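Next come the chains, spelled out residue by residue.
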Amino acid sequence: MKNIAVIGAGTMGNGIAHTFAQFDYKVHLIDIQQAYLDKGMATITKNLDRMVTKESISEADKERTLNNIITYTNLEEGVKNVGLVVEAATENVDLKLNIFRDLDKFCGPDTILSSNTSSISITQIAAVTSRPEKVIGMHFMNPVPIMKLVEIIKGYSTSSETYETVETLSKNLNKVPVEVNDYPGFVANRILMPMINEAIETLYNGVAGVKEIDTVMRLGMAHPMGPLALADFIGLDVCLSILNVMYDGFKNPKYAPCPLLVNMVMAGKLGSKSGEGFYDYSENRKAEVVSAQFTK
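Calculation criteria
- Residues numbered from 1 in each chain as written.
- Predicted model: local features only at pLDDT ≥ 70, side-chain atom pairs only at ≥ 80, totals over all residues.
- Heavy atoms only, no water.
- Salt bridge = Lys/Arg side-chain N within 4 Å of Asp/Glu carboxyl O.
- Helix = DSSP H or I, 4+ residues; strand = E, 2+ residues; numbered from the N terminus.
- Buried < 20%, exposed > 50% of the residue type's maximum accessible area, 1.4 Å probe, protein only.
- Polar contact = N/O pair within 3.5 Å; in protein donor to acceptor, adjacent residues only side chain to side chain.
- Contact = heavy atoms within 4.5 Å.
- Pairing = 2+ DSSP bridges.
- Axes fitted to C-alpha atoms, helices over the stretch in contact; angles between N-to-C directions.
- Parallel < 35°, antiparallel > 145°, perpendicular 65-115°, else oblique.
- Left-handed = near helix turned anticlockwise from the far one by under 90°.

Draft legend 1. Representation of the pattern of salt bridges within the structure. With the rule as written, the count across this model stands at 11 salt bridges. A salt bridge links Lys 62 to Asp 49; its shortest N-O distance comes to 2.6 Å. Of this pair, Lys 62 sits in helix H3 (residues 59-67) while Asp 49 sits in helix H2 (residues 34-53), and the two are 13 residues apart along the sequence. Judged by relative accessible area, Lys 62 falls into the buried class, the value being 9%. Its relative accessible area of 31% is what places Asp 49 among the partly exposed residues. Ionic pairing is found between Asp 102 and Lys 105, a salt bridge with its closest N-O pair at 3.5 Å. Here Asp 102 and its partner Lys 105 are both found in helix H5 (residues 93-106), three residues apart, which amounts to about one turn of the helix.

Draft legend 2. Highlighting the side chain of Asn 197. Relative to the helices and strands, Asn 197 is located in helix H8 (residues 188-204). A distance of 2.9 Å separates a polar atom in the side chain of Asn 197 from the backbone nitrogen of Cys 258. Contact partners of Asn 197, with chain neighbours within four places excluded, come to Leu 243, Ala 256, Pro 257, Cys 258 and Leu 261.

Draft legend 3. Fine view of the sheet that holds strand S3 (residues 69-72). With mixed pairing, eight strands are arranged side by side in an open sheet as S3-S2-S1-S4-S5-S6-S7-S8. Each edge of the open sheet carries a strand with a single partner, namely S3 and strand S8 (176-181). For this sheet, the mean inter-axis angle between neighbouring strands, taken without regard to orientation, is 25°. In this structure, strand S7 (residues 149-154) lies alongside S8, joined through six bridges in parallel fashion. Looking across to S8, one finds that Val 150 is bridged to Pro 177. Its contacts with the sheet place H5 against strand S1 (3-7), strand S4 (84-87), strand S5 (112-115) and strand S6 (135-140), and it is angled at close to 170° to S5.

Draft legend 4. Just the packing of helix H11 (residues 236-250) against helix H12 (residues 259-266), in detail. Across the interface, H11 lies against H12 with an axial gap of 9 Å and an inter-helix angle of 130°. In terms of orientation, H11 and H12 fall into the oblique class. Here H11 and H12 pass one another in a crossing that is left-handed. Residues Leu 236, Asp 237, Cys 239, Leu 240 and Leu 243 of H11 pack against Leu 261, Val 262, Met 264 and Val 265 of H12.

Dropping the structure here:
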């Protein structure tokens, strides 16, 4: 289990690779283009540099961590001889199912296949493999190197042995694993996303502005970040995808995404990663976007 494959070099994938590598696991970081891998490695290096500056790790620790990561653009090569795969690709059901079909073919029979999905059914993912007992959810929180929680989601057929292995592995990363049952949104997003959606509805209905809503939740509820700023940080497209999974899974209108969220995603206003969401992130600043489109 000292060899780990991570699929996807984006925000979550590079954070997961960073964390495993920092704890001396050998990590195979896999993505479809070398440019994505280079960007992911640049992010890992930047985050490690920040840790060196804060004196939480040494320069030698940084170099050891980077040396523990090898990048691949070929999935079959990248998953050879690994004990665990952590899939952290885009939150898209069809994409994940295709990845797990390939993993089932390419990985050894004892390899545990996990997904970092934030809402998609582990049982559904496991069903496309010949090893459902070895498929599990391993949902890290962003930013992965800092956040302690890992939601561990057992699918319908996930074995106790698989769960115990992943639980121990999470503790080895200095994380706090929490067992969660396999229902849409699990725990974190089942509670968080309706709150974010309600904040967007509150803005959409003209009750208050962006900064006012976030200020109320920060100062009144002691949240470290307002829900609209948090939505920008997560990615509005990701928020919409999770809400749609819960709405489809429960058929309950309380999970229906706000029309404002739908329109912003269609317009390409995805939050910090696109440069604009509820706030303007151009020139590394976070200023409220003043737009009549926010209200009905």
